[in-house]
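Structural features, examined
These are the residues of each chain, in order.
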Amino acid sequence: MLGEQRALEILKKLLSMVEVEQAEAVLLGKASGLTRFANSTIHQNVYEKDTVILLRVAKGKKIGVARSNLTDTESLKQLARRAAEIADSQVPNPNFESFAHSPRAPEVGAFYEETANCNPTQRAENVKLVIAEADKFGFLAAGSHSTTANEIAYANSLGTTQYHRHTAAYMNTVIMSPTSSGYADYSSLNIADFDARKVGERATRICADSQNPREIEEGRYDVVVSPEAVDEIMNWLSYIGFGAESLQEGRSFMSGRLGERIMGENISIWDDGLDPKGIPMPFDFEGVPKQRIAIIERGVAKNVTYSIITAHKEGKHSTGHALPPGEEIAALPTNVFFGTGEHTVDEMIASLKRGLLVTRFHYINGLLDTRRALFTGMTRDGTFYVEDGKIKYPVKNLRFTDSMLEAFSKVEMISKEAKLQLSSWYGANVVPALKIKDFNFSGKTEF
Amino acid sequence: MKDALKNVLDKIRQAVDYADARLVTTRSEKILVKNGAVDSIADEVSRGFGIRVIVDGCWGFSSSSVLTEAEAARVAQEAIEIARATKLLKKWDVVLSEEEPKVDTYETRIIKDPFSVSLDDKISILLEADRIMRKNRMIRVSEGSMQFYRIDKVFLSTEGADIEQTIIESGAGIAATAIGNGDVQKRSYPASWGDTATRGFEFVQEMKLVDNAEKTAEEAAALLKAPECPTGELDLIICGSQLALQVHESCGHPTELDRVFGTEASFAGTSFLTVEKMGNFRYGSEHVSIFQDATCEGGLGTFGYDDEGVPAQRTPIVEKGIFVGYLTSRETAAKLNRRSNGCMRADGWNRIPLIRMTNINLEPGDWELEHLIRDTKDGLMVDSNKSWSIDDKRLNFQFGTEIAWRIKNGKIEGLVKNAVYTGITPEFWASCDAVCSAKYWHIWGIPSCGKGEPMQVAHVAHGASPARFRKVRVGV
Ligand SMILES: [Zn+2]
């Protein structure tokens, strides 16, 4: 980690080399260790450290972007020249007025020394705890355990500066028997919160319970889906619908429907960059402080997230959700919360007359029909048939194909606990377990 | 910096069973045009090195973007420390298959260096294609993109390998999205991820994006009025770019030997193609032969040496329907008492190599496409991928395609939209009864294959020509 002072110094030096009307620079620092295990032994153990600088310059309304991980003076000069050259070749962007003229975003504590200083021996000790749980049943453990420290600094030629740093610790595991598997994961800003034994214990229990699964017919079932499964759905909903572009272009389930009820009254989804229950990030990659955005409020489509340029198209202000320039999508929520309910998962299972309990979804794809949010995907790592409120037996995995607007209009119960799920892309989701009526399973597989 | 890495490898030679160092500089340029404007032009340089060691039979890896000999020495020491942490849970020693260390260079053969072509020339092609697509009143979103890579890499090992490679990639594509009657339909050209190759700018020029813009827009608009894909069992003709993705998901990934051994179990999953099946399992019909071929000219998965210094090879995966071989690394090949077939590839200097696809090619058959259509009574012809999903052993898949044509009594009756088909991998490939000839065969580049934690993106490719599959379940 360079720290605020050094990071901003580098950015200001870079900005001083740029001879154009406006420029902004972002520094992304990362130090990350990751330990991967399979067959109850570590097979991959890696560390990386990198500092990337993004420079965006505007010659009038012509914008050029260049990105580099070379931070010596000569390389910074080259970066400045390259961004300016690109701007020269650009055509004016009518929706560009100016980079951010923003106040300093509020500080939010998200950096834990324990996580930043975690070494591979500590990670191996945690992995050992997981393997010990699998060993009790003679199962094999696989998974990954990472500890990361990130910093982001922002400066532009209008005087806006921002700085934030955060840590993240993450572990997932799949425990496998010859006929079954079980999954668990855990995310936290602070490695000290970690109880690796518990992660291993949960996955091992699911693996043990799901041995010798029976085949079950496809069709509609009431389901209880875990937070891990809801997380997979949320990532795709965000990707296809919670950014400004898909709304503006008429491609998404939100398009033309703001103010309309598109999900059940019990569904609320919002983004809050400052809430430390997620992976907080107080400003975006354009230096704009993040606003709390209600996306779905009691089932009603309320709002999407904006960058500077996408907001200008609608005569609005950025909500502080820009992704780095050059990404396929301009703006997305990155600290997403799904409103909780008042039930425990056990109560939800107990209320199932004839249904399924889903540990996890796998390989969801949300591009089938983005206006209906028609998704497909598989169940994975522990699926159970429930009758009269009791788990009867494990079942082989099923494929679902269903509209998430319809599914989220038929949510009968929501858990009171929500779980933090670290995203492999940007940020995180904080999501509860759901009981959904008549979920459509369209196919099945052999295991 | 290469000499510094050589010195560091010399110094740690006694302390390790094996070590290698990779020094990589990746330069990329990505241009995105949307709705008549240049959405973004982004230029990126990333440079750094990674050192991979085996100490007491255990792996360690560390990397850095600070290019000094002192930093290289520190990173090597860090990799050794990490390997010692790995040892805390050691079950067996890592053993690498035999490999003669090579001293060599390799460079992608190109005619026109894409980085020497001006931005203006590149942008003007995309803007012109965009303008033509937007002439169609139903088109709400028009897009075009180009991307170019230059990867300079050095591979050094304590065994004495010293390999320098320069890989150049060029890619492009366009897409039109039509919106109307509460429906959205997208068509892309030449495929939904565009197309990319280890070739120069000539590859992009040969695509003729401008000439194909009007048809792309027309098809998107026509799909809005097309009837829904029927539901039931139909004979399915899958065209090249969709078949490429079918090969990718249902043959490429399940034959990665590290996945078979379980090292991806907690991420994208394992594989149904377990080792006892090699040499005897019927993967598909006699018409199905699939090779991994990192040597074929211009393929996106083409190189001189993999990231373990193993020469590029062409090896069989499926021969006349029988599963015969995997994609391997030195570590995994040793477990089967074989030599590596050179499929270890790393996504940059800060990642270790994993087993990745190269060009995984379905061999052409001898059918003419017209004859195949004429020979089909009750069928559907699909092209261009829209959605993809497969289970964690690579058996149950579902694919959606951008476009489909209904075939009845040997004739194309018209378009249908929202086509989806699903199946179980070996049953599906067993139903293949015809593959079109080399005339229709093309290597499709897929620049976005994800694997591993931390996530790595590989640039791979699949040669394919249209093929027919009997009685496939279509519709949801
Ligand atoms: Zn892939």
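Residues numbered from 1 in each chain as written. Chains lettered and ligands numbered in written order. Predicted model: local features only at pLDDT ≥ 70, side-chain atom pairs only at ≥ 80, totals over all residues. Heavy atoms only, no water.

**So, the overall build of chain A**
The cut-off we apply is this: Strands are runs of DSSP state E lasting at least two residues, helices are runs of H or I lasting at least four, and both sets are numbered from the N terminus onward. This radius of gyration counts C-alpha atoms alone. The globule rule is 2.2 Å times how many residues there are, raised to the power 0.38. We call a residue buried when its accessible area falls under 20% of the maximum for its residue type, exposed when it is over 50%, and partly exposed in between, using a 1.4 Å probe and counting protein chains only. Contacts are residue-level and defined by heavy atoms, with any inter-residue pair within 4.5 Å sufficient. With residues, only the protein chains shown are counted as cover, and all accessible areas are computed by Shrake-Rupley using a 1.4 Å probe.
Looking only at helices and strands, chain A features ten helices and 19 strands. By the compact-globule yardstick of 22 Å for 447 residues, chain A fits well, its C-alpha radius of gyration being 23 Å. Put simply, chain A has 447 residues, and 64% of those count as buried. For chain A, the proportion of contacts with a sequence separation of at least 24, taken over those separated by at least 6, is 73%. Carbon and sulfur atoms make up 47% of the accessible area of chain A, which totals about 15,900 Å².

**Considerations on the packing of aromatic side chains**
Quick reminder of the rule: Stacked, tilted and edge-to-face are the three classes applied to pairs of Phe, Tyr and Trp rings, where Trp contributes its six-membered ring and a pair requires centres within 6.5 Å; stacked means planes under 30 degrees apart, edge-to-face means over 60, and tilted covers the rest. A ring is scored as having a charge over it whenever the NZ atom of a lysine or the CZ atom of an arginine sits within 6 Å of its centre and within 35 degrees of its normal.
By the definition in use, this model includes 26 aromatic pairs over all chains. Geometrically, the ring pair formed by Phe-96 of chain A and Phe-99 of chain A is edge-to-face, given 5.0 Å between the ring centres and 65 degrees between the ring planes. There is no split in this pair, since Phe-96 of chain A and Phe-99 of chain A are both buried. What links up through ring pairs into an aromatic cluster is the set Tyr-283, Phe-397, Phe-399, Tyr-421, Phe-428, Trp-429 and Phe-469 of chain B. Over the ring of Phe-281 of chain B we find Lys-277 of chain B; its NZ or CZ atom is 5.5 Å from the centre of that ring. A cation over an aromatic ring shows up here: Arg-314 of chain B above the ring of Phe-291 of chain B, its NZ or CZ 3.8 Å from the ring centre.

**A word on the coordination of the zinc ion**
Residues and elements named next belong to chain B. The test is simple: In this analysis a donor is any N, O or S atom within 2.8 Å of a metal ion (3.2 Å for sodium, potassium and calcium), and since water is not included, sites may seem incomplete.
Within the protein, the atoms that donate to the zinc ion are His-248 (NE2), His-253 (NE2) and Cys-449 (SG), at distances of 2.0 to 2.4 Å. When the donors of the zinc ion are listed by position in the chain, the intervening gaps give H-x4-H-x195-C. On the criterion of sequence distance, the pair formed by His-248 in helix α6 (residues 240–252) and Cys-449 in strand β21 (residues 442–451) is long-range, its members being 201 residues apart. Exposure class is identical for His-248 and Cys-449. Each is buried.

**Here we look at the layout of surface pockets**
Residue and element names in this part refer to chain A. Using the following cut-off: The rule is simple: put a 1 Å grid over the protein atoms alone, call a set of points where a 1.4 Å probe fits but cannot get out a cavity, call an open set with protein on both sides within 12 Å along at least five of seven lines a pocket, and count a residue as lining if it has an atom within 4 Å of a point. Grid points are joined across faces, edges and corners, and a volume is the space filled by probe spheres set on the points. Residue classes follow a fixed rule: Ala, Val, Leu, Ile, Met, Phe, Trp, Tyr, Cys and Pro count as nonpolar, while Asp, Glu, Lys and Arg count as charged, and any other residue, Gly among them, counts as polar. Domain extents, as shown, originate in an automatic or database domain assignment.
Its volume calculated, the largest pocket comes out at about 1,000 Å³. The wall of the largest pocket is formed by 38 residues, among which Arg-202, Arg-205, Pro-227, Glu-228 and Val-345 lie closest to the centre. Of all the elements in the fold, those that place two or more residues in the lining of the largest pocket are β6 (180–188), α5 (196–209), β7 (219–225), α6 (227–241), α9 (345–350), β12 (354–358), β16 (390–394) and β18 (411–422). Of the residues forming the lining of the largest pocket, the biggest block, seven residues, is contributed by α5. Looking at the lining of the largest pocket, its residues break down into 18 nonpolar, six polar and 14 charged. Inspection of the lining of the largest pocket shows a minimum of three residues originating in each of domain 1 (4–209) and domain 2 (219–444).

**Considerations on the sheet that holds strand β12 (residues 322–323) of chain B**
Residues and elements named next belong to chain B. Put simply, the rule is: Pairs of strands are assigned from DSSP output, requiring at least two bridges between the strands. As a rule, the C-alpha atoms of each element are fitted with a line to give its axis, helices using only the stretch in contact, and angles between N-to-C directions run from 0 to 180 degrees.
Read from one edge to the other, the open sheet built from four strands follows the order β12-β11-β10-β15, with strand pairing classed as antiparallel. Each of the sheet's edge strands pairs with one partner strand only, and the pair in question is β12 and β15 (360–362). When strand β10 (residues 290–293) meets β15, the two strands line up antiparallel, connected through three bridges. Within the sheet, the bridge partner assigned to Phe-291 lies in β15 and is Asn-361. Each of β10, β11 (314–319) and β15 is contacted by α6, which is oriented at about 120 degrees to β15, the strand it contacts most.

**A few points about the domain arrangement of chain A**
Residue and element names in this part refer to chain A. Selection rule: Buried area: the accessible surface (1.4 Å probe) lost by two parts on joining, summed over both. The working definition used for a salt bridge is a side-chain nitrogen of Lys or Arg within 4 Å of a carboxyl oxygen of Asp or Glu.
Assigned domains within chain A: domain 1 (4–209) and domain 2 (219–444). For the pairing of domain 1 and domain 2, the buried interface totals around 3,000 Å² over both sides, and the portion due to carbon and sulfur atoms is 68%. Note that Lys-419 and Asp-185 form a salt bridge whose closest N and O atoms lie 2.3 Å from each other. When residues of the side of domain 1 that touches domain 2 are traced back to their parent elements, those giving at least two are β1 (22–38), β2 (41–59), β3 (62–68), β4 (140–156), β5 (161–177), β6 and α5. The dominant element in the side of domain 1 that touches domain 2, judged by the number of residues it contributes, is β5, at seven residues. Looking at the side of domain 1 that touches domain 2 residue by residue, the classes come out as 23 nonpolar, twelve polar and seven charged.

**Concerning the domain arrangement of chain B**
All names here are of chain B. On domain assignment, one finds that chain B holds domain 1 (2–225) and domain 2 (232–474). Placing a centre on the C-alpha atoms of domain 1 and another on those of domain 2 gives a separation of 21 Å. Every contact between the two is made by 53 residues of domain 1 and, on the other side, 51 residues of domain 2. Taking both sides of the interface into account, the surface hidden between domain 1 and domain 2 amounts to around 4,200 Å²; carbon and sulfur atoms contribute 51%. Taken as a group, Arg-22, Glu-99 and Trp-193 account for 16% of the area that domain 1 buries against domain 2, more than any other trio of residues on that side. Between domain 1 and domain 2 we count seven salt bridges in total. Arg-187 is paired through a salt bridge with Glu-402; the nearest N and O atoms lie 2.9 Å apart.

**Some words on the interface of chain A and chain B**
Size of an interface, as often reported, equals the accessible area lost when the parts are brought together. Test applied: Residues adjacent in sequence count toward polar contacts only when both atoms are side-chain atoms; beyond that, a polar contact is any pair of N or O atoms within 3.5 Å, and within protein one must be able to donate a hydrogen and the other to accept it.
Counting from both sides, the interface comprises 68 residues of chain A and, opposite them, 81 residues of chain B. Interface area, chain A with chain B, both sides summed: about 6,400 Å², of which 52% is carbon and sulfur. Linking chain A with chain B are ten salt bridges, by the criterion used here. A salt bridge links Glu-453 of chain B to Arg-36 of chain A, with the shortest nitrogen-to-oxygen separation between them at 3.8 Å. Our count for the chain A to chain B interface comes out at 44 residue pairs in polar contact (both at pLDDT 80 or more). Sorting elements by how many residues they give to the side of chain A that touches chain B places β2 of chain A first, with eleven residues. Residues of the side of chain A that touches chain B, tallied by class, amount to 24 nonpolar, 26 polar and 18 charged. Across two bridges, β2 of chain A lies against strand β3 (residues 58–64) of chain B in parallel orientation. Considered in β3 of chain B, the bridge of Tyr-47 of chain A is made with Ser-62 of chain B.

**Here's the deal with the environment of Ser-181 of chain A**
All names here are of chain A. The topology assignment puts Ser-181 in strand β6. For Ser-181 and Ser-238, which are 57 residues apart along the polypeptide, the C-alpha to C-alpha distance reads 29 Å. Ser-181 has contacts with Val-174, Ile-175, Met-176, Ile-206, Cys-207, Ser-210, Asp-381 and Gly-382, leaving out every residue within four places of it along the chain. A polar contact is formed between the side chain of Ser-181 and the side chain of Asp-381, at a distance of 2.7 Å.

**Quick notes on the side chain of Ser-266 of chain B**
Along the chain, Ser-266 of chain B turns up in the loop between α7 (257–260) and β10. Those residues in contact with Ser-266 of chain B that sit more than four places away from it in its chain are Ala-142, Gly-143, Ser-144, Asn-172, Val-174, Arg-360 and Arg-380 of chain A together with Glu-453 of chain B.

**Side note on the packing of helix α2 (residues 73–89) of chain A against helix α3 (residues 119–134) of chain B**
As a reminder of what qualifies: Orientation categories follow fixed angle ranges, with anything under 35 degrees roughly parallel, anything over 145 roughly antiparallel, 65 to 115 roughly perpendicular, and all other angles oblique. Should the near helix be turned anticlockwise from the far one by less than a right angle, the crossing is left-handed, and should it be turned clockwise, the crossing is right-handed.
Running from amino to carboxyl end, α2 of chain A crosses α3 of chain B at an angle of 45 degrees, the nearest separation of the two axes being 10 Å. Put simply, α2 of chain A runs oblique to α3 of chain B. As for how α2 of chain A packs across α3 of chain B, the hand of that crossing is right-handed. Packed against α2 of chain A, whose contacting residues are Arg-82, Ile-86 and Ser-89 of chain A, the element α3 of chain B presents Leu-119, Asp-120 and Ile-123 of chain B at the interface. Of the residues belonging to the contact of α2 of chain A with α3 of chain B, the class tally is three nonpolar, one polar and two charged.

**Overview of unusual backbone geometry**
The amide bond that connects Tyr-189 of chain B to the next residue, Pro-190 of chain B, takes the cis arrangement and shows omega of -5 degrees. In this fold, Pro-190 of chain B is placed in the loop between β7 (183–189) and β8 (195–197). In this model, Glu-453 of chain B is joined to Pro-454 of chain B through a cis peptide bond whose omega is -10 degrees. Position of Pro-454 of chain B among the secondary structure elements: in the loop between β21 and β22 (456–464). Despite not being glycine, Tyr-363 of chain A has its phi angle at roughly 50 degrees, a positive value. Relative to the helices and strands, Tyr-363 of chain A resides in strand β13 (residues 361–369). If you check the backbone angles, Arg-394 of chain B has positive phi at about 70 degrees while not being a glycine. Relative to the elements of secondary structure, Arg-394 of chain B occurs in the loop between β16 (378–390) and β17 (396–408).

**Considerations on α5 of chain A**
Residue and element names in this part refer to chain A. Here is the rule: How far a helix is expected to stretch is found by multiplying one less than its residue total by 1.5 Å.
For α5, which comprises 14 residues, the first-to-last C-alpha distance of 20 Å matches the rise-based estimate of 20 Å (1.5 Å per residue) to within 8%. The set of residues buried in α5 consists of Ala-196, Val-199, Gly-200, Ala-203, Thr-204, Ile-206, Cys-207 and Ala-208. The inward-facing, buried residues of α5 contact α4 (120–135), β5, β6 and β15 (383–387).

**Notes on the pattern of salt bridges**
Inspection of every chain in the model, using the stated rule, returns 76 salt bridges over all chains. Residue Lys-302 of chain A pairs with Glu-297 of chain A through a salt bridge whose shortest N-O separation is 3.9 Å. Classification of Glu-297 of chain A as partly exposed rests on a relative accessible area of 34%. By sharing partners, the salt bridges in this structure join Arg-82 and Glu-85 of chain A together with Arg-27, Glu-29, Asp-43 and Lys-122 of chain B into a single network.

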